[in-house]
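Given next are the chains, with one letter for each unit.
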Amino acid sequence: MSDFYAETRAIVESKASTLSKYTYDTYLSHLRKLLMYRPTAECRDITEAFVFGYIDFMHARKNSAGCIYRSLSILRMFIRELLRRRKMRRDPMRDFPLKKVRNRREFLEIDELEKLYSGFRERSEQLNFSEREALRAFLFSCFTGLRFSDLRALTPHDIHNGKIRIFTQKTGAQVYIPIPAQALALLEGTGETALHVVDNSTFNKNLRAAAKKLDFHSHLHAHIARHTFATSCVSFGVPIEVISKVLGHANIQTTLIYANYSNKVIDREMEKFKINVPAG
């Protein structure tokens, strides 16, 4: 008999030298999630019933459709590797209908960002430490486009003369980001990290609690900040090539997906639609 978790951990470790830190940590995070679902399991226990039970487990935890898709994709990767290593005899996901989910990309309009930033600057004393630091980091990401993993890793040494120069945690891409004055005003202290950022789940919980205390009722989570940065840049007329470079994208098509046009941009651009005939 082969222990499923020991074998999958071995798979991750065997790939560690070729994985980015972000991907390595993501695999381990999904292993912990599987352990929460089923604390012990042999490879022979990974059946169709196991997979469907895992889906029910994620639904009970109110995981989004996109999150469930990612979790199942990683489980399928583990299963295929175990099959290749002859630790499993059959693929329980062979006929599984795994379809990629296209999530609606959420972002804050510029006036919403202004409201949230002003609320933080004027009323942050209403927040406890964890709420204040979550909202500070979120706003910093709104002004710089940093991913959550890069927010956690950012140190004062990564900032020179008001510019961020780092290799991103997820892809290893080198990015250069001039920091707007509003974002510089959010930085405090000289600790080991530039911002106090905890795990994603706790961060989002603290972020939403902070927004509620400031009478900001949009449902916030960490990744909205990066989308907000992209759409704000589009609204301000920043060339898409520059936005792509700042976000660290290798393919400009990725930037076009992230940078959904805000309502203000649509309103402004559609004002150009004029034909010389009377209305009505």
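This report concerns the structure included in the present document. (Residues numbered from 1 in each chain as written. Predicted model: local features only at pLDDT ≥ 70, side-chain atom pairs only at ≥ 80, totals over all residues. Heavy atoms only, no water.)

## Here we look at the overall build of the protein chain
When you go through the protein chain residue by residue, the secondary structure sums to 13 helices and three strands. With respect to the three principal axes, the spread of C-alpha positions in the protein chain is 70 × 60 × 35 Å. A buried classification covers 43% of the 280 residues belonging to the protein chain. Across the protein chain, every contact between residues at least 6 apart in sequence was considered, and the portion connecting residues at least 24 apart equals 64%. Counting every atom, the protein chain has about 16200 Å² of accessible surface; 52% of that belongs to carbon and sulfur. When the 44 positive and 30 negative side-chain charges of the protein chain are each reduced to one mean point, those points stand 5 Å apart. (Helix = DSSP H or I, 4+ residues; strand = E, 2+ residues; numbered from the N terminus. Buried < 20%, exposed > 50% of the residue type's maximum accessible area, 1.4 Å probe, protein only. Contact = heavy atoms within 4.5 Å. Areas by Shrake-Rupley, 256 points an atom, 1.4 Å probe, with all protein chains shown as cover. Lys, Arg positive; Asp, Glu negative; His and termini not counted. Charge placed at Lys NZ, Arg CZ, Asp CG, Glu CD.)

## Some words on the pattern of salt bridges
Scanning the model with the defined rule gives nine salt bridges in all. Of the charged contacts, one joins R9 and E13 as a salt bridge, the two residues approaching to 2.9 Å between their closest N and O atoms. You can see R9 and its partner E13 sitting in helix α1 (residues 4–15), four residues apart, about one turn around the helix. For R9, a relative accessible area of 40% translates into the label partly exposed. (Salt bridge = Lys/Arg side-chain N within 4 Å of Asp/Glu carboxyl O.)

## What to know about unusual backbone geometry
Within the chain, R86 stands out as a residue other than glycine whose phi angle is a positive 60 degrees. Residue class for R86 comes out exposed when judged on its relative accessible area of 77%.

## Comments concerning the packing of aromatic side chains
According to the stated counting rule, one finds nine aromatic pairs in the structure shown. Pairing F4 with Y5 gives two aromatic rings, centres 5.2 Å apart and planes at 70 degrees, and the pair type is edge-to-face. With respect to burial, F4 and Y5 carry one shared label: buried. On the numbers, 5.4 Å between centres and 35 degrees between planes, the contact of Y37 with Y54 is tilted. Within this pair, whereas Y37 is found in helix α2 (residues 21–37), its partner Y54 is found in helix α3 (residues 48–60), the two being separated by 17 residues in sequence. Y54 shares its class with Y37; the two are buried. Connected via pairs of aromatic rings, a cluster forms that spans F4, Y5, Y37, F50, Y54 and F57. (Phe/Tyr/Trp six-rings, centres within 6.5 Å; stacked < 30°, edge-to-face > 60°.)

## Quick look at helix α11 (residues 240–247)
Three or more residues of α11 are buried, namely I243, S244, V246 and L247. Viewed along the axis of α11, the buried residues span an arc of 165 degrees, placing them on a single side of the element. For α11, exposure combined with an orientation more than 90 degrees from the buried face picks out E241 and K245. Phi turns positive, to about 80 degrees, at G248, one or two residues after α11. (Arc of directions from axis to C-beta.)

## Observations regarding a nonpolar patch on the surface
On the surface, I266, M270, F273, I275 and V277 cluster together into a nonpolar patch covering about 560 Å² of accessible area. For M270, the location among the structural elements is in helix α13 (residues 263–270). On the basis of relative accessible area, M270 is assigned to the exposed category, the value being 51%. (Patch = residues over 30% accessible without salt bridge, like charges linked within 9 Å, V, L, I, M, F, W, Y side chains within 5 Å.)

## A look at the environment of H249
Assignment of secondary structure puts H249 in the loop between α11 and α12 (252–258). Relative accessible area serves as the criterion here: at 12%, H249 is assigned to the buried category. C-alpha of H249 to C-alpha of Y176: the two residues are 73 residues apart in sequence and 12 Å apart in space. Within the structure, the side chain of H249 is placed 2.8 Å from the side chain of T255, a separation counted as a polar contact. (Polar contact = N/O pair within 3.5 Å; in protein donor to acceptor, adjacent residues only side chain to side chain.)

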